[in-house]
Amino acid sequence: MVATHTLAREAVSPADAEMGDDGGVVVTWGDGHVSLYSAGELPAVFGSNRVAARQPMPEGVGISRSGGSPAAGDIPLEQLVASGALEIDAGLGQEQYTEQVLDNLAAYGLAFVTGVEPSAAATRALLEGICFARATHYGDFWDFTADLEHGDTAYTNLALRPHTDGTYFTDPPGAQILHCLEHDGSGGDSVMVDGFAALDALAAARPDHFDLLSSTPLRWTYVDANDVYSAVAPAVTTDAAGALRQLRFNNDDRDGFPDGDASTVAAYYEAWTHLMGLVNDANAPWTATFKLLPGTVCFFDNWRTLHGRTAFTGKRRLAGAYYSAQDLASRHARIKRA
Ligand SMILES: [Fe+2]
């Protein structure tokens, strides 16, 4: 190991750089030391992997069947598969399989896996094959129906407006996995919203609204009989280069408006309702509405993709879990370095 702070400045300045065999870079430093950066690790070394990889949601997933469409209902499974879903028996090894899921998640904010046995055990096996889950006060894995077990609207049969989960954590879950194990009634369509695309539209129309949402700390709170979680953070977080990094957005968890005089609060309210309108636009290109059927598991990036659902009747049983963003990033980076 070298104590780099003891090296002369010339020693840590590049003397030469050239393309490596695999599209990476070979750097020769002032003291003759040579560093090899493979193509796979360049984004992690020199930029933000997550942001650079961002692409719009695939066309098949981006089709909204709600709103004005009389054909509200399922997106055909073959359309999901065509837009990047993986079949669980696709013959991939665990490593390749994990890489595909994490690639799709990083690019689109969504990933689907089809052909999964609709059981809690099979869902859990799929989940843990990719990465260990992040435990919260909901546990490390859910298998639930609308029984109000927690003081949370997810445990009802009400419609849920698009939101991100865990806004009240200092580190909101990075991703979520959802599997509808059974549903014998109607409704209950899943609504997925590319929050970053909605923010791009908001920033283009009203840069001042974007500035307010990304610079104003808000308090977010969850309270039930057993737990009190609270965090203070802006709705929108960007990285050092100004690229979108994280969206926190749940009107039910928002604990008031920011401190300030009436005009400050009024301006913030206008920015908030602007974004609220965009992410609740069922016909926007960033909104996808589809029926999640037993056998298809949906992964989504909880820092980018908002999720909601329409109201439903009957018994609807869901299984799912959270991942930490950093745990997934570590898994992804290790695979890319291999
Ligand atoms: Fe949720």
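How each quantity is defined
- Residue numbering note: each chain is counted from 1, following its sequence as written.
- Per-residue local features are limited, in this predicted model, to residues with pLDDT of at least 70; the limit for side-chain atom pairs, both in listing and counting, is 80 or more; totals at the level of whole chains, interfaces and linings are taken over all residues.
- A run of DSSP states H or I qualifies as a helix once it reaches four residues; a run of E qualifies as a strand once it reaches two. Both are numbered from the N-terminal end.
- For every residue pair, C-beta atoms are placed from the backbone, and the pair is scored as a contact if these atoms sit within 7 Å.
- We define the nonpolar core as any set of buried residues of the types Ala, Val, Leu, Ile, Met, Phe, Trp, Tyr and Cys, connected via C-beta atoms lying within 7 Å of each other.
- Counting other C-beta atoms within 10 Å of a residue's own tells you its class, since 20 or more makes it buried, 12 or fewer makes it exposed, and anything in between is partly exposed; those C-beta atoms are placed from the backbone.
- Whether two strands pair comes down to DSSP finding at least two bridges between them.
- Interaxial angle, 0 to 180 degrees, is taken between N-to-C directions of lines fitted to C-alpha atoms, where a helix line uses only the stretch in contact.
- A residue's pLDDT is simply how confident the predictor is in it, with values from 0 to 100.
- Read the arc as the range of directions from the helix axis to the C-beta atoms.
- Convention used here: angles under 35 degrees read as roughly parallel, angles over 145 as roughly antiparallel, angles from 65 to 115 as roughly perpendicular, and any remaining angle as oblique.
- Gly is placed with the polar residues, together with every amino acid not listed as nonpolar (Ala, Val, Leu, Ile, Met, Phe, Trp, Tyr, Cys and Pro) or charged (Asp, Glu, Lys and Arg).
- Handedness of a crossing follows from how the near helix is turned relative to the far one, being left-handed for an anticlockwise turn of less than a right angle and right-handed for a clockwise one.

Undergrad: Before we go on, may I ask you to explain the overall build of the protein in this structure?
TA: Looking only at helices and strands, the protein features 10 helices and 17 strands. Of all intrachain contacts in the protein linking residues separated by at least 6 positions in sequence, the fraction that spans at least 24 positions is 71%.

Undergrad: Honestly, the nonpolar core in this entry has me stumped. Any pointers?
TA: If you look at soluble globular proteins, the nonpolar side chains tend to sit buried side by side. Membership of the largest hydrophobic core comes to 63 residues, with the highest contact counts inside it found for Leu110, Ala198, Leu199, Leu275 and Phe299. Ignoring sequence-local partners within four residues, the contact set of Leu199 consists of Phe210, Val236, Leu244 and Leu247.

Undergrad: Explanation requested: the pairing of strand E11 (residues 228-233) in the structure shown.
TA: Consecutive side chains along a regular strand alternate between the two faces of the sheet. Relative to E11, strand E10 (residues 218-223) runs antiparallel, the two sharing 6 bridges. Within E11, the position partnered with Leu218 by the bridge is Ala233. Counting the residues that bridge the hairpin from E10 to E11 gives 4 residues.

Undergrad: Help me understand the environment of Ala175 in this model?
TA: Relative to the elements of secondary structure, Ala175 occurs in strand E8 (residues 175-183). Given 27 C-beta atoms within a 10 Å radius, Ala175 is considered buried. With residues up to four places along the chain from it excluded, the contact list for Ala175 reads Leu105, Phe299, Phe300, Asp301, Asn302, Tyr323, Ala325 and Leu328.

Undergrad: Just checking my understanding: could you explain the sheet that holds strand E3 (residues 34-37) for this structure?
TA: Sheets are built from strands paired through backbone hydrogen bonds, the pairs being either parallel or antiparallel. Across the sheet, which stays open at both edges, the 3 strands sit in the order E1-E2-E3 with antiparallel pairing between neighbours. This sheet does not close on itself; its edge strands, each paired only once, are strand E1 (14-19) and E3. For this sheet, the mean angle separating the axes of adjacent strands, direction not counted, is 15°. Of the strand pairs in this sheet, strand E2 (residues 25-29) and E3 are connected by 4 bridges, and their pairing is antiparallel. Within E3, the position partnered with Val26 by the bridge is Leu36.

Undergrad: How should the sheet that holds strand E14 (residues 287-290) be read in this particular structure?
TA: Read across the sheet, 4 strands follow the order E7-E16-E9-E14 without closing on themselves; strand pairing throughout is antiparallel. Strands with a single pairing partner mark the edges of an open sheet, and in this sheet they are strand E7 (160-163) and E14. Mean inter-strand twist for the sheet, computed between neighbouring axes without regard to direction, equals 15°. Pairing of strand E9 (residues 190-194) with E14, which is carried by 4 bridges, proceeds in the antiparallel orientation.

Undergrad: Would you mind going over helix H7 (residues 195-205) with me for this structure?
TA: Structurally, the α-helix is built with 3.6 residues per turn, so residues lying three or four positions apart point the same way. Within the sequence span of H7, burial applies to Gly195, Phe196, Ala197, Ala198, Leu199 and Leu202. Each element contacted by the buried residues of H7 is listed here: E9, helix H8 (207-215), strand E12 (236-238), strand E13 (244-247), helix H9 (262-279) and strand E16 (305-309).

Undergrad: Got a minute to help me understand the confidence of the model for the protein in this structure?
TA: Note: predicted coordinates in regions of low pLDDT should not be interpreted at a detailed level. A residue-level look at the protein finds 83% of positions with pLDDT of 70 or above and a mean pLDDT of 83. Low pLDDT, under 50, characterises residues 59-82; the predicted model gives this stretch 48 contacts beyond four residues in sequence or across chains.

Undergrad: What is the right way to look at helix H6 (residues 120-130) in this model?
TA: Turning to H6, its buried residues are Thr123, Leu127 and Ile130. Each buried residue of H6 lies within a common arc of 65° when the element is viewed along its axis, so the set occupies one face. Along H6, exposed side chains directed more than 90 degrees from the buried face belong to Ala121 and Gly129. Each element contacted by the buried residues of H6 is listed here: helix H5 (94-108), E8, strand E15 (297-301) and strand E17 (316-323).

Undergrad: How should I be thinking about the packing of H8 against H9 in this particular structure?
TA: A pair of packed helices can be characterised by two numbers: the angle between their axes and the separation between those axes. Between H8 and H9, the least distance of the axes is 9 Å, while the angle of their chain directions is 100°. In terms of orientation, H8 lies roughly perpendicular with respect to H9. Mapping the contact onto sequence places His209, Leu212 and Leu213 in H8 and Ala267, Tyr268, Ala271, His274 and Leu275 in H9. Along the lines of polarity and charge, the residues of the contact of H8 with H9 split into 6 nonpolar, 2 polar and no charged.

Undergrad: Would you take a moment to explain the environment of Asp140 for this structure?
TA: Within the secondary structure layout, Asp140 lies in the loop between H6 and strand E6 (142-144). Excluding residues within four positions of it along the chain, Asp140 makes contact with Ala133, Ala135 and Ala321.

Undergrad: I tried to follow the packing of H5 against helix H10 (residues 325-337) on my own but got confused; where do I start?
TA: It is at 10 Å that the axes of H5 and H10 come closest, and there the two elements cross at 120°. In terms of axis orientation, H5 runs oblique to H10. As H5 packs across H10, the resulting crossing turns out to be left-handed. Listed contacts from H10 to Glu95, Thr98, Glu99, Leu102 and Ala106 of H5 are Leu328, Arg331, His332 and Ile335. Considering only residue class, the contact of H5 with H10 consists of 4 nonpolar, 2 polar and 3 charged.

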